[in-house]
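Each chain, written out:
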Amino acid sequence: MTARCSSCFLPVDTDGDQAAAHDFPYAVEAYGNCPGSGKATVAEHATPPLVWGVEPGRSLVELGVLPSPLPGVTQEKWTVSITGARFTHTAWCMWCRRAVSTFREGGTIRIGFDRRGRSFETYQAGPLPEFADVPCPNTGCGNTRLSSRMWSRSDSRALPVADVQNVQGREWEQLRRRLRVWTVDMTPADVARLAAGA
Ligand SMILES: [Zn+2]
Ligand SMILES: [Zn+2]
């Protein structure tokens, strides 16, 4: 079992039951020490409930949504693939009109630069878990018929959880460091270096 930081949710060295001092996963010049340094760590990932609501206000750590299984990272030229990523996906309960969320495992995020030096980012959430007739988790709602079908119709986008976003931020920074370009626009020399490969 690897301890995870209570702030960045990435694996961290421990000092007793506290996270050893460590930098924020990216943009250290801006963020410095991770706020989880010196604080109690959180347990390794768990399976979240199929559905959770805006109430009773438990944190995503208490619900088991965070930390998530650590995604895999592979790289090919200027494309980094982050695989096995947990996403959350929000919809609305038809009865109480409040938000309800579910999770999707096994998503893929691809980030990188195309041949012209334009950056791209694509999100592909994993499959929806199949379920039917689950009670709405929101207090006071009597709806016992939530099903995964309502998420497949939901207009909202599935989004990666916080630790996956931190991995994504870290990989962007490493890509840019490797290319030595920190601006949106690339010079012809930058694009030539990009074309020359990794
Ligand atoms: Zn941290
Ligand atoms: Zn409801």
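Residues numbered from 1 in each chain as written. Chains lettered and ligands numbered in written order. Predicted model: local features only at pLDDT ≥ 70, side-chain atom pairs only at ≥ 80, totals over all residues. Heavy atoms only, no water.

### Digging into the coordination of the zinc ion (ligand 2)
Stated formally: Distances up to 2.8 Å from the metal define which N, O and S atoms are donors, and 3.2 Å serves for Na, K and Ca; water is absent from the atom set, so sites may look incomplete. In this text, helices come from DSSP runs of H or I with a minimum length of four residues, and strands from runs of E with a minimum of two, each type numbered from the N-terminal end. Working definition: with a 1.4 Å probe on protein chains only, accessible area under 20% of the residue-type maximum means buried, over 50% means exposed, and in between means partly exposed.
Distances from the zinc ion (ligand 2) to its protein donors, namely Cys 93 (SG), Cys 96 (SG), Cys 136 (SG) and Cys 141 (SG), fall within the range 2.3 to 2.4 Å. Look at where the donors of the zinc ion (ligand 2) fall in the sequence and you get C-x2-C-x39-C-x4-C. Of this pair, Cys 93 sits in the loop between strand 5 (79–92) and strand 6 (99–113) while Cys 141 is found in the loop between strand 7 (119–124) and helix 3 (148–152), placing the two residues 48 residues apart along the sequence. Assigned by exposure class, Cys 93 and Cys 141 land together as buried.

### With respect to the packing of aromatic side chains
Definition in use: Working definition: a ring pair exists when centres of Phe, Tyr or Trp rings (six-membered ring for Trp) sit within 6.5 Å. Plane angles under 30 degrees give stacked, over 60 give edge-to-face, the rest tilted.
Going through the model one piece at a time under the given rule, you end up with 7 aromatic pairs. Seen from their ring centres, Phe 24 and Tyr 26 are 5.2 Å apart, and the 65 degrees between their planes marks the pair as edge-to-face. Phe 24 sits in the buried class, given a relative accessible area of 14%. Between the aromatic rings of Phe 113 and Trp 172, the centroid separation amounts to 5.7 Å while the plane-to-plane angle is 65 degrees, which identifies the pairing as edge-to-face. Note that Phe 113 is positioned in strand 6 and Trp 172 in helix 4 (residues 162–179), a separation of 59 residues in sequence. The class for Phe 113 is buried, based on a relative accessible area of 6%.

### Re the coordination of the zinc ion (ligand 1)
As a reminder, the rule being used: Geometry is assigned from the angles between donors: four donors with all angles from 85 to 135 degrees make a tetrahedral site, four or six donors whose opposite pairs exceed 155 degrees while the rest stay between 65 and 115 make square planar or octahedral sites respectively, and everything else is labelled irregular.
Coordination of the zinc ion (ligand 1) by the protein comes from Cys 5 (SG), Cys 8 (SG), His 22 (NE2) and Cys 34 (SG), over a distance range of 2.1 to 2.3 Å. Coordination at the zinc ion (ligand 1) comes from 4 donor atoms whose angles at the metal span 104 to 118 degrees, giving a geometry best classed as tetrahedral. All donors of the zinc ion (ligand 1) belong to a single chain; written as a sequence motif, their spacing is C-x2-C-x13-H-x11-C. Within this pair, whereas Cys 8 is found in the segment before strand 1 (14–15), its partner His 22 is found in the loop between strand 2 (18–19) and helix 1 (28–31), the two being separated by 14 residues in sequence. The class for Cys 8 is buried, based on a relative accessible area of 2%.

### Observations concerning the domain arrangement of the chain
A common measure of how large an interface is: the accessible area buried when the components associate. Heads up, the condition is: Note that domain bounds follow an automatic or database assignment of domains. By definition in these notes, contact holds between two residues if any of their heavy atoms fall within 4.5 Å. In short, buried area is how much 1.4 Å probe accessible area vanishes from two parts on joining, totalled over both.
According to the domain assignment, the chain contains domain 1 (1–44) and domain 2 (46–195). When each unit is reduced to the centre of its C-alpha atoms, the spacing between domain 1 and domain 2 is 21 Å. Each partner contributes residues to the interface: domain 1 has 12 residues there, and domain 2 has 14 residues. For the pair domain 1 and domain 2, the summed buried area comes to about 1100 Å², and 65% of that belongs to carbon and sulfur atoms.

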